[in-house]
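Structural description and commentary
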Amino acid sequence: MFGLFGCSTDSKVTDKKLVSYQNSSGGDMNGGRHSTLISIVDGEVILTDSGKSWWYEDEKIAEYRLDPAVLSEIERIFRKYNMQTWDHKKFTDMFVADGASYSYTFGFENNIWISFSSQIYPTPYARKLSEIIQVVEDYREKGIPEPGLVTKERTPEE
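On a predicted model such as this, the values are computed, not experimentally measured, just so you know.

The next subject is the nonpolar core. Membership of the largest hydrophobic core comes to 29 residues, with the highest contact counts inside it found for Ile-38, Val-70, Ile-74, Met-83 and Phe-106. Elements represented by at least two residues in this core include exactly β3 (18-26), β5 (44-52), β6 (60-66), α2 (69-80), β7 (101-108), β8 (112-118) and α3 (123-142). Beyond its immediate chain neighbours, meaning those up to four positions away, Val-70 contacts Ile-38, Val-45, Val-135 and Tyr-139.

The following block contains the structure:
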């Protein structure tokens, strides 16, 4: 398919396989941030979950080995809703002062990326994205936790 200025993103991912997925949020007034990344590391599908609620907290990180089918499920939903057309889309003119932004990035073979971000996703978009989030949660529950770095809990004074 051709867009006004040449090739559109529609055709960039048509025959490419999804190899990574990330959703992240950040920018709220508390300084919190969160990221969920699914990628292939040494032939294994690894989910890396990281985040913190407040600017002063140390980031908490958890990793899980997942069934490789998770990427196929995410790709199925991505294609079902033609999310390649959402690349750099502006979803709303609304702005939330001190509100977080929510970003999604889909990585395909041959280093092709589709990404979009917004503070607010209108209901039709939010419903579609929630399907992906549910798939990730379902696979995380069945995933194998990887041993992580143990950190000392901080006292209120710290």
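Text resumes after the structure shown.
So, about the packing of aromatic side chains. One pass over the full model with this rule turns up 15 aromatic pairs. Where Trp-86 meets Phe-91, the ring centres are 5.8 Å apart and the plane angle is 80°; that geometry is what we call edge-to-face. An identical accessibility class is assigned to Trp-86 and Phe-91; each is buried. With a centroid separation of 5.3 Å and an interplanar angle of 65°, the aromatic rings of Trp-86 and Phe-116 are classed as edge-to-face.

This part is about the pairing of strand β4 (residues 33-41). Of the strand pairs in this sheet, β3 and β4 are connected by seven bridges, and their pairing is antiparallel. Looking at β4, one finds that Gln-22 is bridged to Leu-37. Taken together, β3 and the strand that follows it, β4, pair antiparallel across an intervening segment of six residues, in which Gly-27 is found at a positive phi of about 100°. With nine bridges joining them, β4 and β5 adopt antiparallel strand pairing. Within the sheet, the bridge partner assigned to Ser-35 lies in β5 and is Ser-50. Between β4 and β5, which pair antiparallel and follow one another directly, the connecting turn spans two residues, one of which, Asp-42, has a positive phi of 50°.

What counts as what
- Residues numbered from 1 in each chain as written.
- Predicted model: local features only at pLDDT ≥ 70, side-chain atom pairs only at ≥ 80, totals over all residues.
- Heavy atoms only, no water.
- Core = buried A, V, L, I, M, F, W, Y, C linked by side-chain atoms within 4.5 Å.
- Buried < 20%, exposed > 50% of the residue type's maximum accessible area, 1.4 Å probe, protein only.
- Helix = DSSP H or I, 4+ residues; strand = E, 2+ residues; numbered from the N terminus.
- Contact = heavy atoms within 4.5 Å.
- Phe/Tyr/Trp six-rings, centres within 6.5 Å; stacked < 30°, edge-to-face > 60°.
- Pairing = 2+ DSSP bridges.

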